[in-house]
Amino acid sequence: MLTPDELAAIAALRDKTVPGPWGVIRIDLDEEVTSFLIANSGDDRIASVDVAHEGDAGALAGAEADAHFIAEARVIVDLLLDEVTELRTQLAYASTPRRRTWSNRLGLRNRTDT
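Keep in mind it's a predicted model, so treat the numbers as computed, not measured.

What follows concerns the sheet that holds strand β3 (residues 45–52). Read from one edge of the open sheet, three strands run β1-β2-β3, paired in antiparallel fashion. Of all the strands in the sheet, the pair left with one neighbour each is β1 (22–28) and β3. Taking the axes of each pair of neighbouring strands and ignoring which way they run, one obtains an average angle of 20 degrees across the sheet. Here strand β2 (residues 33–40) runs beside β3; their pairing, made up of seven bridges, is antiparallel. Bridging across to β3, A39 finds its partner in R45. Each of β1, β2 and β3 touches helix α2 (residues 57–95); the most contacted strand, β1, lies at about 155 degrees to it.

Here it is as structure tokens:
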């Protein structure tokens, strides 16, 4: 399980990046080289994944998948951090002892052991 410090470090790393969402722009530089630019909504370049695929469809597909993963990661990290925070809050709440309700208290008093 990630520690609070590790979660804070992930959030700090995320906070240093250009805000998302990010997308992918494909640029075929020539018949054998393709560049996948990761860009924000203003088309500002964030990063690129370049592949000299030499006509290899598998290499091209792999590079494109990598670029889309990088682009989606910006939003996914936000979602995962929010989910971890929410689940930890729920877990802390569920772990806190609760006062019995009046019906539970009455039920315990009126219970007869057989």
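Continuing now.
Moving on to the pairing of β1. In the sheet, β1 pairs with β2 via seven bridges, with the strands oriented antiparallel. Bridged to G23 within β2 is A39. The antiparallel pairing of β1 with β2 creates a hairpin that spans four residues between the two strands.

Let us now look at the side chain of T34. Mapped onto the elements of the fold, T34 is located in strand β2. Within the local environment of T34, its side chain forms a polar contact with the side chain of D28, the two groups lying 2.9 Å apart. Only 3.0 Å separates the side chain of T34 from the side chain of H53, close enough to count as a polar contact.

Taking 1.5 Å as the rise per residue, helix α1 (residues 4–15) with twelve residues should run 16 Å; its terminal C-alpha atoms sit 16 Å apart, in good agreement. Of the residues making up α1, those classed as buried are L7, A11 and R14. Viewed along the axis of α1, the buried residues span an arc of 60 degrees, placing them on a single side of the element. Facing away from the buried side of α1 by over 90 degrees, the exposed positions are D5 and L13. Summarising the contacts, the buried residues of α1 are in contact with α2.

The rules we used
Numbers given to residues run from 1 along each chain, matching the order in which its sequence is written. Since the coordinates come from a predicted model, pLDDT governs what is reported: local features require at least 70, and pairs of side-chain atoms require 80 or more to be given and counted, while whole-chain, interface and lining totals use all residues. Note that the side-chain values use all heavy atoms of the structure and ignore hydrogens as well as water. When DSSP finds two or more bridges between a pair of strands, those strands are recorded as paired. Only runs of H or I of at least four residues qualify as helices and only runs of E of at least two qualify as strands under DSSP, and these elements are numbered from the N terminus. All axes are obtained by fitting lines to C-alpha atoms, using only the stretch in contact for helices, and the reported angles, taken between N-to-C directions, cover 0 to 180 degrees. Any two residues whose heavy atoms approach within 4.5 Å at even a single point are treated as in contact. Each polar contact in these results corresponds to two N or O atoms within 3.5 Å; when the atoms are within protein, one needs to be able to donate a hydrogen and the other to accept it, and residues that are neighboring in sequence are counted only if both atoms are side-chain atoms. In this scheme, a helix's expected span is set at 1.5 Å multiplied by one less than its residue total. When a residue's accessible area, from a 1.4 Å probe over protein chains only, is under 20% of the maximum for its type it is buried; when over 50% it is exposed; and in between it is partly exposed. The arc under discussion is defined with respect to the helix axis, by the directions toward the C-beta atoms.

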